[in-house]
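Tertiary structure, described
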Amino acid sequence: MSISSATSRVMIVAGESSGDLHGSNLLKAAAEKYPNIRFFGVGGRRMQANGCDILIPSDELSVMGVTEVLGRLPGIILRFRRLAAILKSSQPPDLLVLVDFPDFNLRLAKVAKHAGVPVLYYISPKVWAWRSGRARTIAERVDRLALIFPFEPEIYAPFKVRAEYVGNPLLDEFAVRPQGLNIRKQLHLSADAKVVGIFPGSRQSELNYIFATLVMAAKKLHEEDPRIVFIMPVAPSLQRSELENRINAVGVTLPIYLVEEDIYAVADSCQAVLTVSGTVTLQLALVGTPMAIVYKVAPLSYAIGRRLIKIPFAGLPNIIAGRDIVREFIQDDAQPEALKDELLRLLDDVAYIQQMRDDLVLVQKRLGAPGCSIRVADMVAEMVGLELKEGA
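Residues numbered from 1 in each chain as written. Predicted model: local features only at pLDDT ≥ 70, side-chain atom pairs only at ≥ 80, totals over all residues. Heavy atoms only, no water.

**Describing the overall build of the protein**
Counting secondary structure elements, the protein contains 17 helices and 15 strands. Relative to a compact globule of 392 residues, whose C-alpha radius of gyration would be 21 Å, the protein shows 21 Å and is just as compact. Summarising its shape, the C-alpha atoms of the protein cover approximately 65 × 50 × 40 Å along the three principal directions. Contacts in the protein between residues far apart in sequence, at least 24 positions, make up 69% of those at least 6 positions apart. Total accessible area on the protein stands at roughly 17200 Å², and carbon and sulfur atoms take up 51% of it. Charge centroids of the protein, computed over 45 positive and 43 negative side chains, lie 5 Å from each other. (Helix = DSSP H or I, 4+ residues; strand = E, 2+ residues; numbered from the N terminus. Rg over C-alpha atoms; globule rule 2.2 N^0.38 Å. Contact = heavy atoms within 4.5 Å. Areas by Shrake-Rupley, 256 points an atom, 1.4 Å probe, with all protein chains shown as cover. Lys, Arg positive; Asp, Glu negative; His and termini not counted. Charge placed at Lys NZ, Arg CZ, Asp CG, Glu CD.)

**Some words on the packing of aromatic side chains**
One pass over the full model with this rule turns up three aromatic pairs. Considering the side-chain rings of Phe-101 and Phe-104, the 5.5 Å spacing of their centres and the 35 degrees angle between planes classify their relative orientation as tilted. Arranged with centres 5.2 Å apart and planes meeting at 65 degrees, the rings of Phe-174 and Tyr-264 form a pair that is edge-to-face. Taken together, the positions of Phe-174 in helix 7 (residues 169-175) and Tyr-264 in helix 11 (residues 263-268) put the pair 90 residues apart, joining distant regions of the chain. The class for Tyr-264 is buried, based on a relative accessible area of 3%. By the ring-pair criterion, three or more aromatic residues cluster together here, those being Phe-80, Phe-101 and Phe-104. Its guanidinium or amino end placed over the ring of Tyr-352, Arg-345 lies 3.6 Å from that ring's centre, counting from NZ or CZ. (Phe/Tyr/Trp six-rings, centres within 6.5 Å; stacked < 30°, edge-to-face > 60°. Buried < 20%, exposed > 50% of the residue type's maximum accessible area, 1.4 Å probe, protein only. Lys NZ or Arg CZ within 6 Å of the ring centre and 35° of its normal.)

**A short note on the sheet that holds strand 2 (residues 8-14)**
Taken together, the seven strands give an open sheet; going across it, the order is 4-3-2-5-6-7-8, and neighbouring strands pair in parallel fashion. One side of each edge strand has no neighbouring strand; the edge strands of this open sheet are strand 4 (53-57) and strand 8 (162-165). Averaged over all neighbouring strand pairs, the angle between strand axes comes to 20 degrees, with direction disregarded. Pairing of strand 3 (residues 37-43) with strand 4, which is carried by four bridges, proceeds in the parallel orientation. Bridged to Gly-43 within strand 4 is Pro-57. With respect to the sheet, helix 1 (residues 17-33) is in contact with strand 2, strand 3, strand 5 (95-99) and strand 6 (119-122), its orientation differing from that of strand 2 by roughly 160 degrees. (Pairing = 2+ DSSP bridges. Axes fitted to C-alpha atoms, helices over the stretch in contact; angles between N-to-C directions.)

**A look at the packing of helix 1 against helix 17 (residues 372-384)**
Between helix 1 and helix 17, the shortest axis-to-axis distance is 8 Å and the interhelical angle comes to 65 degrees. For the pair helix 1 and helix 17, the crossing hand works out as right-handed. Judged by residue contacts, Asn-25, Leu-26, Ala-29, Ala-30 and Lys-33 of helix 1 engage Ser-373, Ile-374, Val-376, Ala-377 and Asp-378 from helix 17. Of the residues contributing to the contact of helix 1 with helix 17, the split by class is six nonpolar, two polar and two charged. (Left-handed = near helix turned anticlockwise from the far one by under 90°. Nonpolar A, V, L, I, M, F, W, Y, C, P; charged D, E, K, R; others polar.)

**Overview of the pattern of salt bridges**
A complete count under the given rule lists 24 salt bridges for this structure. Here Asp-143 ties to Lys-113 by a salt bridge, and the two come within 3.3 Å at their closest N and O atoms. Separated by 30 residues along the polypeptide, Asp-143 in the loop between helix 5 (134-141) and strand 7 (144-147) and Lys-113 in helix 4 (residues 102-115) bring together distant segments of the chain. The partly exposed category is assigned to Asp-143, whose relative accessible area is 31%. On the accessibility criterion, Lys-113 (36% relative accessible area) is partly exposed. Of the charged contacts in the structure, one is a salt bridge between Asp-359 and Arg-323, with a shortest N-O distance of 2.9 Å. Here Asp-359 is found in helix 16 (residues 350-367), whereas its partner Arg-323 is found in the loop between helix 14 (316-321) and strand 14 (328-330), with 36 residues between them in sequence. Three or more residues are tied together by salt bridges with common partners; here these are Lys-220, Glu-224, Glu-337, Lys-340 and Asp-341. (Salt bridge = Lys/Arg side-chain N within 4 Å of Asp/Glu carboxyl O.)

**Thoughts on the nonpolar core**
Counting 105 residues, the largest nonpolar core has Ile-37, Phe-39, Val-97, Leu-120, Tyr-122, Phe-230 and Leu-274 as the members making the most contacts within it. Non-local contacts of Tyr-122, meaning those with residues more than four positions away in its chain, are made with His-22, Leu-26, Leu-98, Val-99, Asp-100, Ala-146, Ile-148, Val-166, Pro-169, Cys-372 and Val-376. (Core = buried A, V, L, I, M, F, W, Y, C linked by side-chain atoms within 4.5 Å.)

**Considerations on unusual backbone geometry**
Positive phi, close to 55 degrees, is recorded for Asp-100, a residue that is not glycine. When you line up the elements, Asp-100 lands in the loop between strand 5 and helix 4. Of note in this structure, Gln-331 is not a glycine but carries a positive phi near 50 degrees. On the secondary structure map, Gln-331 appears in the loop between strand 14 and helix 15 (336-348). Its relative accessible area of 6% is what places Gln-331 among the buried residues.

**Here we look at the packing of helix 9 (residues 204-224) against helix 15**
Direction vectors running N to C along helix 9 and helix 15 enclose 55 degrees, while the axes themselves pass 8 Å from each other. Taken as axis vectors, helix 9 and helix 15 run oblique relative to one another. Between helix 9 and helix 15 lies a crossing of right-handed hand. For the pair helix 9 and helix 15, contact is made by Thr-213, Met-216, Ala-217, Lys-220, Leu-221 and Glu-224 and by Pro-336, Glu-337, Leu-339, Lys-340, Leu-343, Leu-344 and Leu-347, respectively. Split by residue class, the contact of helix 9 with helix 15 holds eight nonpolar, one polar and four charged. (Parallel < 35°, antiparallel > 145°, perpendicular 65-115°, else oblique.)

**Concerning the sheet that holds strand 10 (residues 228-233)**
Strand order in this open sheet of six strands is 11-10-9-12-13-14, and the pairing throughout is parallel. Each edge of the open sheet carries a strand with a single partner, namely strand 11 (256-259) and strand 14. For this sheet, the mean inter-axis angle between neighbouring strands, taken without regard to orientation, is 20 degrees. Of the strand pairs in this sheet, strand 9 (residues 194-199) and strand 12 (residues 272-276) are connected by four bridges, and their pairing is parallel. Bridge pairing in strand 12 places Gly-197 opposite Val-273. Its contacts with the sheet put helix 10 (residues 240-250) on strand 10 and strand 11, and the angle it makes with strand 11 is roughly 160 degrees. Strand contacts of helix 12 (residues 279-287): strand 9, strand 12 and strand 13 (291-295), with the helix running at about 160 degrees to strand 12, the strand carrying the most contacts.

Dropping the structure here:
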């Protein structure tokens, strides 16, 4: 098979680490099947490694919480104007692909709509969680939606927008994960070592509000059982030295191994994980690693969020399962002593561990089959007018 020789320019905007991950898998799928599509825009190191021309690094935009955004607002506005100017220029892209990051991307979608640039939204705003009224706004500003949860298309059914379930992108990543990585062996840990993962996330705001709590919980756990060692993954958007400095700032001495290996291999090396909420909780669910979820932001951000969020859970495994299968420690409940107690249960309570593993298998099944990235690549090709032609 061959592709039409015309080159199409696609602006893609993925403003967070998880968006960089999903965007990179989309770029990889598109490169294999549609090599004449050129991507540029906002992303991280993974997207850059897969051929995206990065105009704005995603970590310059990524921030969590209302009050945290205010301090970064001038820089965010400048970068928004730069992208808007490209959309309104005499040589606009053939398509705008938005990956999650709703507050920024929905505004950019409005600019694109007025400029006549078609918009594909991949991993759309979670209107089922909060601000459900945005569904109408999204439908007005977006030409097509690639949805990653099977219950989402019915939300957009009342509106005139093409909204399709494409599967979950993590299934693609999990299917091609590196095999044979033995993190325990690399770290020279014994086969029977008790290993707990501390997953602090990738956003600066997560590190600011959660990191010290996670480390203090690890300290209490280690005091309870000195045989326990800890593994902490370094997100691609972070530097190892930054996490080292933050550990030192907490003022504790613990056997914490910082690793930059594949997240699934890291998860598989742990008997239990203490993690921030977000995409990483689904990655842990795919591996089947028992976990406890921590969510903590600035007090004002939390007060506002409590009034806006419409669902009872913060963690994606619980949202997909439709019930509480993983303990969540939110805001003031995220205390080191309580986290230590939950981790001990995840290490020692055999029945509790098995029940959680069984429930995580249910989450895996509900996510469906791999193939999400190539389905979205097909959408991109269709929207820019590329056709796959039979032949040499």
